[in-house]
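Geometric and topological summary
This is what each chain is made of:
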Amino acid sequence: MTAYPTGAWTLQQARNLAMDLGERIAGLRFLIHDRDPLFTVAFREIFTTEGLRIITTLPRTPRMNAICERVIGTLRRELLDRILILSECRLAWCFANT
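Bear in mind that the values here come from a model prediction, so they are computed numbers and not experimental data. (Residues numbered from 1 in each chain as written. Predicted model: local features only at pLDDT ≥ 70, side-chain atom pairs only at ≥ 80, totals over all residues. Heavy atoms only, no water.)

1. Considerations on the overall build of the chain
Put simply, the rule reads: Only DSSP runs of H or I covering at least 4 residues are called helices, and only runs of E covering at least 2 are called strands; the numbering of each starts at the N terminus. Under the scheme applied here, a residue whose accessible area is under 20% of the maximum for its type counts as buried, over 50% as exposed, and between as partly exposed, the area being computed with a 1.4 Å probe on protein chains only. Only heavy atoms enter the contact rule, under which two residues are in contact if any of them lie within 4.5 Å. For the accessible areas, the method is Shrake-Rupley and the probe is 1.4 Å, while residue cover comes only from the protein chains on display.
A tally of regular secondary structure across the chain gives four helices and two strands. Ordered by position from N to C terminus, the α and β elements of the chain give α-β-α-β-α-α. If one aligns the C-alpha atoms of the chain with their principal axes, the spans along those axes are about 40 × 30 × 30 Å. Here the chain holds 98 residues, and 15% of them are scored as buried. Excluding contacts between residues fewer than 6 apart, the proportion of contacts in the chain whose partners are at least 24 apart in sequence is 44%. In the form shown here, the chain has an accessible surface area of approximately 8,300 Å², with 61% of it arising from carbon and sulfur atoms.

2. Remarks on the packing of aromatic side chains
Given two aromatic rings, one states the distance between the centres and the angle between the planes to describe the pair. As a reminder, the rule being used: Working definition: rings of Phe, Tyr and Trp (its six-membered ring) pair if their centres are within 6.5 Å, and the pair is stacked with planes under 30 degrees apart, edge-to-face with planes over 60 apart, and tilted otherwise.
Evaluated as defined, the whole model comprises two aromatic pairs. Ring geometry for F39 and F43: centres 4.9 Å apart, planes at 50°, overall tilted. With relative accessibility at 27%, the residue F39 sits in the partly exposed group. Since its relative accessible area comes to 7%, F43 is described here as buried.

3. Notes on the nonpolar core
Stated precisely, the cut-off is as follows: Here, the term nonpolar core denotes a set of buried Ala, Val, Leu, Ile, Met, Phe, Trp, Tyr and Cys residues that are joined through side-chain atoms within 4.5 Å.
Within the largest apolar cluster, ten residues are counted, these being L11, A14, A18, I25, L31, F43, I46, F47, L52 and I54. Sorting the residues of this core by element identifies α1 (7-21) and α2 (41-49) as the ones contributing at least two each. Those residues within four positions of F47 in sequence are excluded, and the remaining contacts are A14, L17, I25, L31, L52 and I54.

4. Some remarks on the pairing of strand β2 (residues 53-56)
Note the threshold: Any two strands with at least two DSSP-identified bridges between them are counted as paired. Handedness of a crossover is defined as follows: with both strands directed away from the viewer, a clockwise route from the first strand across the helix to the second makes it right-handed.
With four bridges joining them, strand β1 (residues 30-33) and β2 adopt parallel strand pairing. Looking across to β2, one finds that H33 is bridged to T56. Handedness of the β1-α2-β2 crossover: right-handed.

5. Section: the environment of F39
Here F39 lies in the loop between β1 and α2. Spatially, the C-alpha atom of F39 lies 7.0 Å from that of T10, the residues being 29 residues apart in sequence. Once residues within four sequence positions are removed from consideration, F39 is found in contact with T10, H33 and D34.

Nothing here speaks to function; it is all geometry.
Structure follows, in structure tokens:
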């Protein structure tokens, strides 16, 4: 996490995610993101080389953003607010066993 993300930081996070997912990335089909300039061509190439189809949200579609934010808010309230994370190690263990 960073207060001031850059394109290079976002690119490194994409590399880390692809590496952490390993073989599980083959089970994914799509990557959906908005039109933020942080998502550079190099960012997209990391996922296209893994076989993911990149879907960029449409411009000027506030309703789409509202629906996505509502879904994310529901997931946060129903799932994440009910989990007590004791340490980073425990969090990694939880994700590895799902």
